[in-house]
Amino acid sequence: MQKSKLKVIAGALLHDIGKPAYRGDKSKNHSISGYEFLKDTVGIKDTEILEQVKYHHKNMIQNSSIADNSLAYITYIADNIASGADRRKVDENQGFDMDMQLESVFNILNGNNQHYKYKPQTMENGINYPIENEISFSKEIYKKICDDIADCLKGIDENNSEYINSLLEVMEADCSFVPSSTSKNEIADISLYDHCKITAAVGSCIIDYLEQEGITNYKDELYNNSKQFYSKKAFLMYSFDISGIQDFIYTISAKGSLKLLRSRSFYLEMLCEHLIDTILKRLEYSRANLIYSGGGHGYVLLANTSKNKSALDEINNEINHWFIDNFKTALYVADAYTECSADDLMNSNGTYEDIFRNVSKILSDKKGNRYTAEQILTMNNNHHQDGERECRICKRSDTYIENDVCGMCQKLIDMSDDILEKDFFVVLNTDSGLPLPFGQSLIATSADTLKTKWITDELYERSYSKNKMYTGRNLSTKLWVGDYHTDKEFKKLAQKSEGIERVGIIRGDVDNLGKAFVSGFDKERVSLSRTAVFSRKLSIFFKKHINKLLEENDINGLIVYSGGDDIFLVCAWSDAIKAAMILNEALHKFTQNTLTISVGIGIYNPSYPVASMAYESGDLESKSKSSGRNKITLLSVNNTENEKYTFEWDELKNKVIGEKKKCLEEYFVGQAEHGKNLLYNLLNYLRNTTDKINIARYAYLLARIEPERDDDERIKEKYKVFSRQMYNWAINKEDRLQLIMAIYLYVYETREKSEE
């Protein structure tokens, strides 16, 4: 990375570092406070970085004597663009509340109009749900943040590109809940971290664009003529989308398939991260330029240069050739970019949404015309001689097979336990690990081994930490990974079920996320920063917080996959509904009821084919979405049955479980065997109540359990209430479906472990 660009990124990331210092002692303005903090406390001596911190506001830069090509002019306008994208209208000199909490971005999502805030804390603390309470951001908290940042920065070489992403990690760890602006006249929902990240992304693009245009007088271009610059198409919004994910993950047939599900899901996420980091390295950017990634999809902000466009085309061609060689047509990457200006990014003319619509259209067109002529010729000329055996997992026969498993599938199996147990994932410039595009491979390792061996090895490319923030040489980023597990096998999870031994497969997906991402905020408030904040919050919820939620509620289960908006969990069947309801309620609380989730839960014998479990539970999830979304669909399955019951979340909680299942439990307490026999018979009639004959038979069955004349009056009254409820519920369609599901759940809970 060029030194000047590296200094722009570092200076932009640190340009507002004086805000926590200033708010902590309020002795000087934040530009001077930041300059002195970095120079005197941290010990940074680089004048080009320090100038960006000291002179990033107009009132400071207009009276300065800095050179016309000072990088401070780039950070100055990048800060203005990022601030404009945040919809701030005033400078920090009047009408401010220094004790202000960060407000929630969900306050204004999807028509919401709340005023919730976050507790002052760092990322290392627990789930920070938005709250109504006022909790002042005290001087003591700001002082602790400054001390933490100073300690971390002293271990980072800001002039070494191998550490630039670590600088970003420090800012995220300490400043994710620090408000960027404390103006009383604006919504304070953009954190200091997110503002500095966008400033660094914009600044790194600007310096590349200016270099292409041969502009060296930054003062004239970015300060004296800034209005003209705002309209120039200096930026590219780049997007990619990996096709074939579902089939790649779920088209497996083998023992140990739970391991394969987990490793294939994780592998696709790593392919996505690897593609992102390859793009950023070749084009010389940092992770600050990544706007969003998840589910095989991503957005990156880049400079609009011919060099970048050529490099992007080359990278896409290279990775798709690699996919053809390794997976034939199973996986494919479509990518697209659209030119945009600072005015577009700031939504000055209401054109922000058009950026994403344009990219989406190009992506869609590319998916319909996947391959270049060259790639088609490559596929036609690849005449592999089929082997005598095929891989029992992926069914390939065009590669070396050992013990009925191909090399790729074996390495995915080997990686599975490491996903749960290891702390770091390392990309090496060798083919000895799990294969990756661009001539590299992936291994998992511990912190000690990373430090003592790999980080100094000449084969070392980069590493990713898991679920904790670290700094270090070419440590790309932390990966939030849903790795919660109480067991690693279907059978063991089934054995922990209450009642019959079954597993529950949970598939879930956030409703209308794409629409919320593009147009969830109204046109006066939509911005690049809010888009980034919104996507980051969701990613943290589904990749990080899900671990804590399941652990705190003692769920017997395992996360197969939990991405930016969707989940795949395997649980003891009796914990599956509980887990789904916990996640649904937490999501509503976390997003202030602005987002909903649709879920499908299948209940299966642990020996049932895992691919069938995945597809069937996926169909249940689709049924929830097609039934109006924000619902849960359950399947009672005994390998031959195929029934789908869709409920509103509150309906399942209050009517199915809280009312009808509770009624069954209270009536049949102490007579489980007698109750099951009756319920099996009642169930047959409830599932076929299309005529009066079945209703009459149903009533007859209820009458057969009527107490004798000399029985206790309490027993008679109990029966009277029960039989009346059971009859009334049977003749009403909604109540009947709720009762059928309640009977299934009750019977499963009271079955013996060995009973079929």
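Structure first, text after, so check above.
Residues numbered from 1 in each chain as written. Predicted model: local features only at pLDDT ≥ 70, side-chain atom pairs only at ≥ 80, totals over all residues. Heavy atoms only, no water.

Caption draft 1: Main features of the overall build of the protein. For the protein, the count of helices and strands is 29 helices and 17 strands. For the protein, the C-alpha radius of gyration of 29 Å lies close to 27 Å, the compact-globule estimate for 756 residues. Dimensions along the principal axes, computed over C-alpha positions, put the protein at roughly 105 × 70 × 50 Å. Considering the protein as a whole, with its 756 residues, one finds that 60% of them fall into the buried category. Contacts spanning at least 24 positions in sequence make up 69% of the contacts within the protein whose residues lie at least 6 apart. Counting only carbon and sulfur atoms, one obtains 44% of the accessible surface of the protein, whose full area is about 30500 Å². Counting 96 positive and 112 negative side-chain charges, the protein places the averaged centre of each group 2 Å from the other. (Helix = DSSP H or I, 4+ residues; strand = E, 2+ residues; numbered from the N terminus. Rg over C-alpha atoms; globule rule 2.2 N^0.38 Å. Buried < 20%, exposed > 50% of the residue type's maximum accessible area, 1.4 Å probe, protein only. Contact = heavy atoms within 4.5 Å. Areas by Shrake-Rupley, 256 points an atom, 1.4 Å probe, with all protein chains shown as cover. Lys, Arg positive; Asp, Glu negative; His and termini not counted. Charge placed at Lys NZ, Arg CZ, Asp CG, Glu CD.)

Caption draft 2: Spatial organisation of the state of the cysteines. Under the counting rule described, the total for this entry stands at zero disulfides. Sulfur of cysteine 175: no disulfide; nearest cysteine sulfur belongs to cysteine 196 and is 7.0 Å away. The buried category is assigned to cysteine 175, whose relative accessible area is 0%. Using a relative accessible area of 1% as the deciding quantity, one classes cysteine 196 as buried. (Disulfide = S-S within 2.5 Å.)

Caption draft 3: Spotlight on the side chain of aspartate 174. Residue placement: aspartate 174 occurs in helix H8 (residues 164–175). Of the side chains bearing the opposite charge, lysine 144 lies closest to the buried aspartate 174, which forms no salt bridge; the N-O distance is 6.1 Å. If sequence neighbours within four positions are ignored, aspartate 174 has contacts with Thr122, Ile145, Asp148 and Ile149. (Salt bridge = Lys/Arg side-chain N within 4 Å of Asp/Glu carboxyl O.)

Caption draft 4: View of the sheet that holds strand S4 (residues 332–340). Spatial ordering of the open sheet is given by S2-S3-S1-S4, a layout of four strands whose pairing is antiparallel. The open sheet has two free edges, formed respectively by strand S2 (290–294) and S4, since each of these has just one partner strand. With strand direction ignored, the average angle separating the axes of adjacent strands in the sheet is 20 degrees. Pairing analysis gives nine bridges linking strand S1 (residues 235–243) to S4, with the strands arranged antiparallel. (Pairing = 2+ DSSP bridges. Axes fitted to C-alpha atoms, helices over the stretch in contact; angles between N-to-C directions.)

Caption draft 5: Local environment of the packing of helix H1 (residues 3–14) against H8. For the pair H1 and H8, the least separation of the axes is 10 Å and the interaxial angle reads 5 degrees. Taken together, the axes of H1 and H8 lie roughly parallel to each other. Residue-level inspection shows Leu6, Ile9, Ala10, Leu13 and Leu14 of H1 in contact with H8, the latter providing Ile164, Leu167, Leu168 and Met171. In the contact of H1 with H8, the residues fall into nine nonpolar, no polar and no charged. (Parallel < 35°, antiparallel > 145°, perpendicular 65-115°, else oblique. Nonpolar A, V, L, I, M, F, W, Y, C, P; charged D, E, K, R; others polar.)

Caption draft 6: View of the sheet that holds strand S7 (residues 424–428). Overall, mixed pairing links the five strands, which are arranged S8-S9-S7-S10-S11 in an open sheet. Edge positions in the open sheet fall to strand S8 (434–436) and strand S11 (475–479), since each of these has one partner strand only. Averaged over all neighbouring strand pairs, the angle between strand axes comes to 25 degrees, with direction disregarded. Alignment of S7 against strand S10 (residues 460–466), held across five bridges, turns out to be antiparallel. In the strand pairing of S10, valine 426 is matched with serine 463. Its contacts with the sheet place helix H18 (residues 407–421) against S7, S8, strand S9 (440–445) and S10, and it is angled at close to 100 degrees to S8.

Caption draft 7: Focus on unusual backbone geometry. Residue asparagine 512 is not a glycine yet carries a positive backbone phi of 55 degrees. Residue asparagine 630 is not a glycine yet carries a positive backbone phi of 55 degrees. As for its position among the elements, asparagine 630 is in the loop between helix H24 (610–626) and strand S16 (631–636). Taking the relative accessible area as the measure of exposure, asparagine 630 reaches 23% and is therefore partly exposed.

Caption draft 8: Quick look at the packing of helix H7 (residues 139–153) against H8. The contact between H7 and H8 brings their axes to 10 Å, and the two run at 165 degrees. By the angle between their directions, the pair H7 and H8 is classed as roughly antiparallel. In the packing of H7 onto H8, the handedness of the crossing is right-handed. Contacts from Ile145, Asp148, Ile149, Cys152 and Leu153 in H7 reach Leu167, Val170, Asp174 and Cys175 in H8. Across the contact of H7 with H8, the residue classes tally to seven nonpolar, no polar and two charged. (Left-handed = near helix turned anticlockwise from the far one by under 90°.)

Caption draft 9: Molecular detail of the pairing of strand S15 (residues 597–604). Of all eight residues in S15, eight are buried; the element is thus mostly enclosed. Side-chain alternation along S15 places Ile597, Val599, Ile601 and Ile603 on one buried face and Ser598, Gly600, Gly602 and Tyr604 on a second face that is also buried. Pairing of strand S12 (residues 503–510) with S15, which is carried by eight bridges, proceeds in the antiparallel orientation. Bridging across to S15, aspartate 509 finds its partner in serine 598.

Caption draft 10: Molecular detail of the environment of leucine 14. Its location among the elements puts leucine 14 in helix H1. Take leucine 14: its relative accessible area is 1%, and that puts it in the buried class. A sequence separation of 186 residues divides leucine 14 from alanine 200, and the C-alpha atoms of the two residues are 9.0 Å apart. Leave out the neighbours within four places in its chain, and leucine 14 touches Leu38, Ile44, Val53, Leu153, Leu167 and Met171.

Caption draft 11: Molecular detail of helix H9 (residues 192–213). Look at H9: 31 Å from first C-alpha to last across 22 residues, which is about the 32 Å you get at 1.5 Å a residue. The buried fraction of H9 amounts to 19 of the 22 residues, a majority that puts the element mostly inside the structure. Once H9 ends, the next one or two residues include glycine 214, with phi positive near 70 degrees. (Expected span 1.5 Å × (residues − 1).)

Caption draft 12: Looking closely at the pattern of salt bridges. The full count for this structure, using the stated rule, is 46 salt bridges. Of the charged contacts, one joins glutamate 461 and lysine 281 as a salt bridge, the two residues approaching to 2.7 Å between their closest N and O atoms. With glutamate 461 in strand S10 and lysine 281 in helix H13 (residues 257–282), the pair connects residues that are 180 residues apart, well separated along the chain. What makes lysine 281 exposed here is its relative accessible area of 53%. The network of salt bridges with shared partners includes Glu169, Glu172, Asp194, Lys478 and Arg536.

Caption draft 13: Inspection of the packing of aromatic side chains at higher detail. As enumerated under the stated definition, the model contains 33 aromatic pairs in all. A ring pair is formed by tyrosine 299 and phenylalanine 356, whose centres lie 5.1 Å apart and whose planes are at 75 degrees; its orientation type is edge-to-face. Placement of tyrosine 299 in strand S3 (residues 297–303) and of phenylalanine 356 in helix H16 (residues 352–368) is noted, with a sequence separation of 57 residues between them. We note that tyrosine 299, like phenylalanine 356, is buried. Aromatic ring contacts, followed pair by pair, group Phe106, Tyr129, Phe521, Phe534, Phe541, Phe542 and Phe590 into a single cluster. Over the face of the ring belonging to tyrosine 285 we find lysine 5, whose NZ or CZ atom lies 3.9 Å from the ring centre. The aromatic ring of tyrosine 129 is capped on one face by lysine 589, whose charged end is 4.2 Å from the ring centroid. (Phe/Tyr/Trp six-rings, centres within 6.5 Å; stacked < 30°, edge-to-face > 60°. Lys NZ or Arg CZ within 6 Å of the ring centre and 35° of its normal.)

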